Amino acid sequence: MPMNPDLEKERQGGTFDVEQLTHILDGGRDKTLKRHFLEQEVLKDPVFRGPDTRFLSREELFGELLRKHVAVIKKTQELSIDDINEASTIYSAAMNNNVGPLTLHSVAFVAPLDLMADDEQKKKWLIPAKKYEIIGCYAQTELGHGSFIRGLETRADYDVNTQQFVLNTPTETAIKWWVGGCVAVGDIGPKFGFGGVDNGYLCLNNVRIPRDNLLAKTGKVLEDGTYVKPENPKVVYGSMLGIRAALPKVGAYNLSKAVTIAIRYSCVRHQSEIKPGCGEPQVLDYQTQQHKLFPLLATAYAFHTVGVWMLDFHSTVMNEINEGHYHRLAEDHVLAAGLKAVINWKTHEGIEICRFSCGGHGYSLASSLPVIYVNHVANSTAEGETVILLLQTAVYLMKCVIDLEQGTPLDPSVAYLDQSFSKSEQWCSDVDMHSLLKAIQFRSKKFTEYVSSFVKKELMATGNQQLAFNKHKVILVECAKAHTEAVIMNAFVTKVDEILQSNPSVGKVLSLLCQIYGVTEILAHSGDYIQYEYLRKIDLDNIQDQLFKLYTYIRPEAVLLVDAFDFHDEVLKSILGRYDGQVYENMFKWAKASPFNKQDQGTFRKYIQQLKQAKL
Ligand SMILES: CCCCC/C=C\C/C=C\C/C=C\CCC(=O)SCCNC(=O)CCNC(=O)[C@H](O)C(C)(C)COP(=O)(O)OP(=O)(O)OC[C@H]1O[C@@H](n2cnc3c(N)ncnc32)[C@H](O)[C@@H]1OP(=O)(O)O
Ligand SMILES: Cc1cc2nc3c(=O)[nH]c(=O)nc-3n(C[C@H](O)[C@H](O)[C@H](O)COP(=O)(O)OP(=O)(O)OC[C@H]3O[C@@H](n4cnc5c(N)ncnc54)[C@H](O)[C@@H]3O)c2cc1C
């Protein structure tokens, strides 16, 4: 199909090599080539062809995705793939923006076995689980409790005579609920999204399991029922840590899809007039459209950068823990908690903005933006609800203030809290990314001190830390967000500095995005900078001007920057986001293919006939 002339023109501009940026995003040219190879292995294989999942009922969708997920597993094994990113490439190429039915088996059943089973148990369960000879799920949440793990009601009573645990869900609120991939007892019914996953319920009534079913790498129960605690009790939380550490990159992936669709479509869509009689401009030429999408484009790059960094950090900490060193578990936990919470929340807001920016067609499943949204938005609740996780980060920051007072060295990711920040010189409208990072770190430091003063005062008054925290949860959550933004901006600036050395033209355009991210973050909290007397009104006016100027620099690069995400049309599965920009013709073709247009709507005639006969 010929290229839409608008997109053709957009691709003639630009100041950087798109392919080189794709290689950077993939982690090197070889990884790009391998990703292309794996995508083609899926896209050319007829087993992965099937009905358009956007037209399917819940039951049909589950069946089709299970069929495809099994094919993904076979293809992954056939190609001897064991790298998580390469396995994700095969999965994403097949799932059409859905979450596959066996996802929880991999991320929430196999992972904990790997983390907490002893060698014997690994032989017995991990090996067959990895071969899908046993299919598992993660049944932690109950009808009555999900966030408050210590409130869970399920019982496991040890029967010393039979060396067994007797499992019971003694109350209705104890019923295991939301259990992804739980095919034993029942499905919890239709959901907002996640139609590919059978989230189940599980009632336990005197279910007996052998003593050695308790994963024993960390804690264990001896024959006489004595519980031997793990060296570090918090390691039992590790299975949740793994998914949380991975979810920032999942957020970046989903936001990158949404901005690709919205920016390509915004170049194809012409609407209204700027100068009467001069034709309808591309909607991406409107400053308001740029203001919707360019901060999100910058955010997608920022989230990808910090998502890769978080995964690396987490795997380093897991290796240290495997060798018995737990000193970075707390930092890993609060970084994963904060980044998972902030990134997935801002991502689902961003996907909605991308949908809105596509007007009515964004509301059509032809765009796939609704599909990407309803499947992504679960990530702000699942694996730790947003506020819950931010409070974890906030409590850690309160401890950092105490550590600072006591002269205890801080973890690297919070070292800036120990830095002194002088008030900024007057800002013009070309503030560099390092100055923006300093400002964001300054705000987080001041906010942490401010919140800590309230919590301390409350603690003095009540002597109860939980009460003190509970009274100030709103500002504790904001404090955790401010810190997490400092972590994100630091990772982005660090990566861009590195790329400026290795590939100046790519680095330059990314530095513009980094400035957009930083200026947007500062303007979103401008009151704090005035209140802390770090910035003046003139500074804020100048960086507002800077933001609009940055949009003019990014406008000719925008399509190339989303092309660099390198989503194959069949992976993006969006008519608005097609690489060739041939939207209208394919929208019409897609609509005509809808089963709704195929079935003779006998029901319509039947009931309208009744209406006519009723002679109202
Ligand atoms: C790999 C690829 C991924 C791709 C995924 C794609 C699709 C799938 C998408 C989404 C996932 C799908 C399904 C999700 C499955 C689930 O949802 S499983 C259930 C998840 N449930 C939760 O996350 C529960 C959230 N609640 C909690 O974690 C805890 O209740 C709490 C809020 C942390 C409170 O803990 P509690 O023990 O009650 O008290 P306290 O806060 O005091 O914590 C005690 C100490 O333990 C430390 N800690 C807490 N959590 C962790 C952890 N995870 N790791 C390490 N350490 C932890 C905490 O900091 C305290 O330490 P102190 O030093 O004592 O302060
Ligand atoms: C798509 C999806 C898949 C899932 N898959 C699984 C799975 O496979 N296995 C599994 O075990 N679970 C699963 N879950 C459950 C998920 O882990 C829980 O929904 C999540 O942990 C939130 O707990 P909750 O639902 O009890 O919400 P609640 O904790 O009841 O939250 C409700 C509200 O109360 C607030 N709140 C709660 N506690 C506090 C507090 N201490 N301070 C301030 N505010 C508070 C929250 O911020 C929130 O606004 C899944 C959920 C979803 C949506």
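Residues numbered from 1 in each chain as written. Chains lettered and ligands numbered in written order. Predicted model: local features only at pLDDT ≥ 70, side-chain atom pairs only at ≥ 80, totals over all residues. Heavy atoms only, no water.

Within an unreviewed UniProt entry, the label attached to the protein reads Acyl-coenzyme A oxidase, and the organism entered is Paralvinella palmiformis. The annotation that UniProt attaches to the protein under Cofactor (unreviewed entry) is "FAD". UniProt, in its Subcellular location (unreviewed entry) section for the protein, records the words "Peroxisome". (UniProt positions renumbered as here; feature names shortened; annotations may be inferred.)

**Q** How would you explain a nonpolar patch on the surface if you had to name every residue and give the values?
**A** A cluster of nonpolar side chains, Phe 604, Ile 608, Leu 611 and Leu 616, forms an exposed patch at the surface whose accessible area comes to about 470 Å². Here Ile 608 shows up in helix H24 (residues 602-614). Owing to a relative accessible area of 31%, Ile 608 belongs among the partly exposed residues under this scheme. (Patch = residues over 30% accessible without salt bridge, like charges linked within 9 Å, V, L, I, M, F, W, Y side chains within 5 Å. Areas by Shrake-Rupley, 256 points an atom, 1.4 Å probe, with all protein chains shown as cover. Salt bridge = Lys/Arg side-chain N within 4 Å of Asp/Glu carboxyl O. Helix = DSSP H or I, 4+ residues; strand = E, 2+ residues; numbered from the N terminus. Buried < 20%, exposed > 50% of the residue type's maximum accessible area, 1.4 Å probe, protein only.)

**Q** Residue-level account of the site of ligand 1, with values.
**A** By nearness alone, 25 residues border ligand 1, and Ser 147, Tyr 237, Arg 244, Gln 392 and Lys 399 come closest of all. In this structure, an oxygen atom belonging to ligand 1 sits 3.2 Å away from a main-chain N or O atom of Ile 149. Separating an oxygen atom of ligand 1 from a backbone N or O atom of Gly 384 is a distance of 3.1 Å. Alone, ligand 1 offers 1300 Å² of accessible surface; in the complex the protein occludes 79% of this. If you list the elements that add at least two residues to the shell around ligand 1, you get helix H6 (103-116), helix H8 (238-268) and helix H13 (386-406). Sort the elements by how many residues they give to the shell around ligand 1 and H8 lands first, with 5 residues. A breakdown of the residues in the shell around ligand 1 according to their chemical character gives 11 nonpolar, 9 polar and 5 charged. (Near = heavy atom within 4 Å. Polar contact = N/O pair within 3.5 Å; in protein donor to acceptor, adjacent residues only side chain to side chain. Nonpolar A, V, L, I, M, F, W, Y, C, P; charged D, E, K, R; others polar.)

**Q** Account for the sheet that holds strand S4 (residues 186-187), naming residues and giving values.
**A** Taken in spatial order, the 3 strands line up as S3-S5-S4 in an open sheet, and their pairing is antiparallel. The open sheet terminates on both sides in strands that have one partner only, identified here as strand S3 (176-179) and S4. Summarising the sheet, S3 and strand S5 (residues 200-202) pair through 2 bridges and their orientation is antiparallel. Bridge assignment links Val 179 to a residue of S5, and that residue is Gly 200. (Pairing = 2+ DSSP bridges.)

**Q** Run through the sheet that holds strand S2 (residues 164-168), naming residues and quoting values.
**A** In spatial order, the strands read S1-S2-S6; together these 3 strands make up an open sheet with antiparallel pairing. Of all strands in the sheet, those with a lone pairing partner are strand S1 (155-159) and strand S6 (205-210), marking the two edges. The mean angle between the axes of side-by-side strands here comes to 30 degrees, regardless of whether they run parallel or antiparallel. The sheet contact formed by S1 and S2 spans 5 bridges and is antiparallel. Residue pairing across strands places Asp 157 opposite Val 166, the latter belonging to S2. (Axes fitted to C-alpha atoms, helices over the stretch in contact; angles between N-to-C directions.)

**Q** Pulling in residues and values, what's your account of the UniProt feature "active site" (unreviewed entry) in the protein?
**A** As recorded in UniProt, the sites labelled "active site" (unreviewed entry) are Glu 383. You can see Glu 383 is positioned in the loop between helix H12 (369-376) and H13.

**Q** Requested: an account of the environment of Ala 245, with residues and values cited.
**A** Note that Ala 245 resides in helix H8. For Ala 245, a relative accessible area of 0% translates into the label buried. Residues Ala 245 and Gly 338 lie 93 residues apart in sequence; the distance between their C-alpha atoms is 9.8 Å. Apart from residues lying up to four places away in sequence, Ala 245 is in contact with Met 310, Leu 311, His 314 and Ala 336. (Contact = heavy atoms within 4.5 Å.)

**Q** For the nonpolar core, give the residues involved together with the corresponding values.
**A** Leu 297, Tyr 301, Leu 513 and Ile 522 are the most contacted members of the largest nonpolar core, which has 147 residues in total. The element that contributes the greatest number of residues to this core is helix H9 (residues 287-322), accounting for 15 residues. Excluding residues within four positions of it along the chain, Tyr 301 makes contact with Leu 21, Leu 25, Phe 492, Leu 510, Leu 513, Leu 561, Ala 564 and Phe 565. Of all hydrophobic cores here, the second largest spans 6 residues; its members include Val 110, Leu 113, Trp 125 and Ala 129. (Core = buried A, V, L, I, M, F, W, Y, C linked by side-chain atoms within 4.5 Å.)

**Q** Give me the lowdown on the packing of H13 against helix H14 (residues 433-462), citing residues and values where you can.
**A** Taken N-terminus to C-terminus, the directions of H13 and H14 make an angle of 90 degrees; their axes are 10 Å apart at the nearest point. Classified by the angle between their axes, H13 and H14 sit roughly perpendicular to one another. Facing H13, whose interface residues are Leu 397, Met 398, Val 401 and Glu 405, H14 presents Thr 448, Val 451, Ser 452, Val 455 and Lys 456. A per-class count over the contact of H13 with H14 returns 5 nonpolar, 2 polar and 2 charged. (Parallel < 35°, antiparallel > 145°, perpendicular 65-115°, else oblique.)

**Q** With reference to specific residues and values, describe helix H19 (residues 537-554).
**A** Taking 1.5 Å per residue, 18 residues should reach 26 Å; H19 reaches 26 Å between its end C-alpha atoms and fits that length. Considering only its buried residues, H19 is in contact with H9, helix H17 (504-524), helix H18 (526-531) and helix H20 (558-563). (Expected span 1.5 Å × (residues − 1).)

**Q** Lay out the side chain of His 304 in plain terms, naming residues and giving numbers.
**A** By the secondary structure assignment, His 304 is in helix H9. If we skip the residues at most four places from it in the chain, His 304 touches Leu 25, Lys 249 and Ala 252.

**Q** Before we move on, could you go through the pairing of S2 and cite the residues and values that matter?
**A** Buried residues dominate S2, accounting for 4 of its 5 residues. In textbook terms, the turn of a hairpin is the stretch between consecutive antiparallel strands, and for S1 and S2 this stretch comprises 4 residues, one of which, Gln 163, has a positive phi near 55 degrees. Bridge analysis of S2 against S6 gives 5 bridges, and the strand direction is antiparallel. The residue of S6 that forms the bridge with Gln 164 is Pro 210.

**Q** So what's going on with the site of ligand 2? Residues and values would help.
**A** Taken together, 21 residues lie near ligand 2, and Tyr 138, Thr 141, Ser 147, Gly 180 and Glu 385 sit nearest. A distance of 3.1 Å separates a nitrogen atom of ligand 2 from a polar atom in the backbone of Trp 178. Contact distances for ligand 2 include 2.7 Å between an oxygen atom and a side-chain N or O atom of Glu 385. Within the complex, 66% of the 970 Å² of free accessible area of ligand 2 lies under protein. For the shell around ligand 2, the secondary structure elements donating two or more residues are S3 and H13. For the shell around ligand 2, the element with the highest residue contribution is H13, accounting for 3 residues.

**Q** A description of unusual backbone geometry should follow, citing residues and the corresponding values.
**A** Located in the positive-phi region is Glu 383, a residue other than glycine, with phi close to 65 degrees. Here the phi dihedral of Lys 573 falls at roughly 55 degrees; this positive angle occurs in a residue that is not glycine.

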